[in-house]
Amino acid sequence: MKLKLLINPLCKGAYFADVLAVTQAELQCIYPNINIGISKIGSLNFIDIDAFEKEQISMRQLSRLSFVQGILEQREHNVVSIVDVQPKFKLPEEIVWGNKYRGKTNEIVTQLAINIGLHHAPIDRKTSTNKNIKLLDPMAGRGTTLLWANRYGLDAVGIEKNRDALDHFCRHVKGQCKLHRIKHKYIQGNIGKKNKASTGAFHEIQWEHCRSKIIIGDSSKMTLLSDRFDLIVCDIPYGIQFFGKGNQRNPLQLIKECAPNWIDRLYPEGIVVIVFNSFQPKRTDLIDVFEKLKLEYIDFQAPHRMSESIKRDIVIFKKISP
């Protein structure tokens, strides 16, 4: 069986000149033993999977790869036909793609990070208890990762220090629910006593199959959380909008302060996926931080140059069972 995976043209805006390398890295992470190639028909780019037995793959899983716009089967005499498969996400794409603001995590990169995290996560433990997989974004911004998690049917919680995030999250979700007539329940409240800093204020959206909750708080303390999580997925601060202590651009010190509290909320065998600017901090520095916390480094790399000062990449860790 020969398949051609059509690369979504939007990936060029996410991965730039490294689009082919990143798409192959994602595919080979999910299916490490396959032979792949690259082809082009007109202006369309494809990743080719050669001599694949149908029972060895999940068409739906392929359709959920961050770069796949469509799947085609190549037949004799160079005839191709479209494979009728749908990713069957729980929510419409506008829930994620319709939320626009400065400094937003790229939607395709976010999906890539979740795909890689889910691949390594201990899914059997959660399915055996008939509960949703739970994702934490400890630097949630305005909820891109949370809403992507909901499209997958995951429960998601985010911590964010910027008080404006709640109102933005509320307006966007309510607008999309009204537009697409999505049944939901919206809850807002405060964990602990109300205060001028809004610490503990939260908004929660409950969909039919899952939920998202974004809480205003300090990612280095995590005292507002009682939940434990299977996945931590986080796009750590970088770029022109980030200044750490002393106006330093490198967020490494911030990660050192926060990471122990993140890991405390992670189940054994849980997975951490970090999206970062590999110029600062260096991959080796991040590995050192998380290995000191007794996490196992999982080799995955998807570097892609965004600008002169930003080369985005992904690093993965697994919490070792005691």
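Undergrad: Sorry if this is basic, but what is going on with the overall build of the protein here?
TA: Within the protein one finds ten helices and 15 strands. Compactness check: the protein gives a C-alpha radius of gyration of 20 Å against a globular reference of 20 Å for 322 residues, within 12% of the reference. C-alpha atoms of the protein, sized along the principal axes, occupy 70 × 45 × 40 Å. Counting all 322 residues of the protein, 52% fall into the buried class.

Undergrad: I'm lost on the nonpolar core in this one. Help?
TA: Taken as a class, soluble globular proteins show a tendency for nonpolar side chains to be buried jointly. Ranked by size, the top nonpolar core spans 73 residues in total, and within it Leu27, Leu62 and Trp207 carry the most contacts. Looking at this core, the element that brings in the most residues is helix H5 (residues 107-120), giving seven residues. Among all residues touching Trp207, those that are not within four sequence positions of it are Leu91, Ile95, Leu147, Asn150, Val173, Cys177, Ile182, Lys183 and His184. Listed in part, the 30 residues of the second largest apolar core include Met139, Val157, Trp262 and Val289.

Undergrad: Looking at this structure, I do not really get H5. What am I missing?
TA: Three or four residues apart is the spacing at which side chains of an α-helix point the same way, because the helix has 3.6 residues per turn. The terminal C-alpha atoms of H5, which comprises 14 residues, lie 21 Å apart, in line with the 20 Å expected from a rise of 1.5 Å per residue. Among the 14 residues of H5, twelve are classified as buried, and the element is accordingly described as predominantly covered. Where H5 begins, the capping side chain belongs to Asn106, and its oxygen is found 2.9 Å from the backbone nitrogen of Ile108.

Undergrad: Can you help me understand the packing of aromatic side chains in this one?
TA: Given two aromatic rings, their pairing is described by the distance between the two centres and the angle made by the two planes. Evaluation of the coordinates by the stated rule reveals five aromatic pairs. Pairing Trp148 with Tyr152 gives two aromatic rings, centres 5.8 Å apart and planes at 45°, and the pair type is tilted. Taking relative accessible area as the criterion, Trp148 reaches 2% and is therefore assigned buried. Among the residues examined, Tyr152 registers a relative accessible area of 9% and is labelled buried.

Undergrad: Help me understand the side chain of Ser212, please; the structure alone is not making it clear to me.
TA: Along the polypeptide, Ser212 turns up in strand E10 (residues 211-216). A distance of 2.6 Å separates the side chain of Ser212 from the side chain of Asn150, its partner in a polar contact. When sequence neighbours within four positions are dropped, the list of residues in contact with Ser212 reads Leu146, Leu147, Asn150, Ala156, Phe169, His203, Glu204 and Ile205.

Undergrad: I'm lost on the pairing of strand E3 (residues 44-49) in this one. Help?
TA: In regular strands, side chains alternate between the two faces of the sheet. E3 sits mainly inside the fold: five of its six residues count as buried. What sits between strand E2 (residues 36-41) and E3 in their antiparallel hairpin is a turn of two residues, with Gly42 showing a positive phi close to 65°.

Undergrad: I keep staring at the packing of helix H2 (residues 19-30) against H5 and nothing clicks. Help me out?
TA: Each pair of packed helices gets described by two things: the angle between the helix axes and the distance between those axes. Interhelical geometry of H2 versus H5 gives an angle of 20° and a closest axis separation of 10 Å. In terms of axis orientation, H2 runs roughly parallel to H5. Here H2 and H5 pass one another in a crossing that is left-handed. Residues Val22, Glu26, Cys29 and Ile30 of H2 touch H5, and the partners they reach there are Leu112, Asn115, Ile116, His119 and His120. Residue classes in the contact of H2 with H5 are distributed as five nonpolar, three polar and one charged.

Undergrad: So what exactly am I meant to see when it comes to helix H7 (residues 144-151) here?
TA: Burial of H7 is extensive: eight of the eight residues sit out of reach of the surface. A positive phi of about 85° marks Gly153, the residue just after H7.

Undergrad: Would you explain the pattern of salt bridges in this entry?
TA: Pairs can form between side chains of opposite charge once their charged atoms are near each other. By the definition in use, this model includes ten salt bridges. Residues Arg75 and Glu73 are paired through a salt bridge, measuring 3.7 Å at the closest nitrogen-oxygen approach. For Arg75, a relative accessible area of 48% corresponds to the partly exposed category. A salt bridge links Arg265 to Asp264, with the shortest nitrogen-to-oxygen separation between them at 3.6 Å.

Undergrad: Teacher, can you tell me more about the sheet that holds E2 here?
TA: Pairing between sheet strands relies on hydrogen bonds along the backbone, with the strands arranged either parallel or antiparallel. Strand order in the open sheet formed by five strands is E2-E3-E1-E4-E5, and the pairing between neighbours is antiparallel. For this open sheet the edge positions go to E2 and strand E5 (80-82), each flanked by a neighbour on one side alone. Averaged over all pairs of adjacent strands, the angle between strand axes in this sheet comes to 35°, irrespective of strand direction. Across the sheet, H2 is in contact with strand E1 (2-7), E2 and E3; its angle to E2 comes to roughly 135°.

Undergrad: In this structure, what is going on with the environment of Leu224? I would like to understand it.
TA: Examined against the element boundaries, Leu224 turns out to sit in the loop between E10 and strand E11 (229-235). Counting along the chain gives 32 residues from Leu224 to Gly192, while the straight-line C-alpha distance between them is 8.5 Å. Leu224 has contacts with Ile191, Thr199, Gly200, Ile215, Ile216 and Gly217, leaving out every residue within four places of it along the chain.

Undergrad: Is there a simple way to explain the environment of Cys258 in this structure?
TA: In this fold, Cys258 is placed in helix H9 (residues 252-264). A residue is classified by how much of its surface remains accessible, and Cys258, at 1% relative accessible area, is buried. Between the alpha carbons of Cys258 and Leu135 there is a distance of 17 Å; along the sequence they are 123 residues apart. Discounting residues that sit within four places of it in the chain, Cys258 has contacts with Met139, Ser219 and Ser220.

Rules of the game
The written sequence of each chain sets the order in which its residues are numbered from 1. The predicted origin of the model limits local features to residues at a pLDDT of at least 70 and limits the giving and counting of side-chain atom pairs to 80 or more, whereas totals for whole chains, interfaces and linings rest on all residues. Side-chain numbers here rest on the full set of heavy atoms in the structure, without hydrogens or water. Per the convention used, a helix needs a DSSP run of H or I reaching at least four residues, while a strand needs a run of E reaching at least two, with both numbered from the N terminus. The globule rule used here is 2.2 Å times the number of residues to the 0.38 power, and the radius of gyration it is set against is calculated over C-alpha atoms. Think of it in three bands: with a 1.4 Å probe and only protein chains considered, a residue is buried below 20% of the maximum accessible area for its type, exposed above 50%, and partly exposed in between. Within this scheme, the nonpolar core is defined by two criteria: the residues are buried Ala, Val, Leu, Ile, Met, Phe, Trp, Tyr or Cys, and they are joined through side-chain atoms within 4.5 Å. In what follows, residue pairs with any heavy atoms lying within 4.5 Å of each other are defined as contacts. One fewer than the residue count of a helix, multiplied by 1.5 Å, yields its expected span. Polar contacts, as used here, are pairs of N or O atoms within 3.5 Å; protein pairs need one atom able to donate a hydrogen and one able to accept it. Residues neighboring in sequence count only if both atoms are side-chain atoms. Think of it this way: a Phe, Tyr or Trp ring, Trp meaning its six-membered ring, pairs with another when their centres are within 6.5 Å, and the plane angle makes it stacked under 30 degrees, edge-to-face over 60, tilted otherwise. Following DSSP output, two strands are said to pair if at least two bridges run between them. The axes are straight lines fitted to the C-alpha atoms, using for helices just the contacting stretch, and the angles between their N-to-C directions are given from 0 to 180°. Angle categories: roughly parallel below 35 degrees, roughly antiparallel above 145, roughly perpendicular from 65 to 115, and oblique for all the rest. Crossing handedness is defined as follows: a turn of the near helix away from the far one that is anticlockwise and smaller than a right angle gives a left-handed crossing, while the clockwise case is right-handed. The residue classification treats Ala, Val, Leu, Ile, Met, Phe, Trp, Tyr, Cys and Pro as nonpolar and Asp, Glu, Lys and Arg as charged. All others, Gly included, are polar. A carboxyl oxygen of Asp or Glu within 4 Å of a side-chain nitrogen of Lys or Arg is what we treat as a salt bridge.

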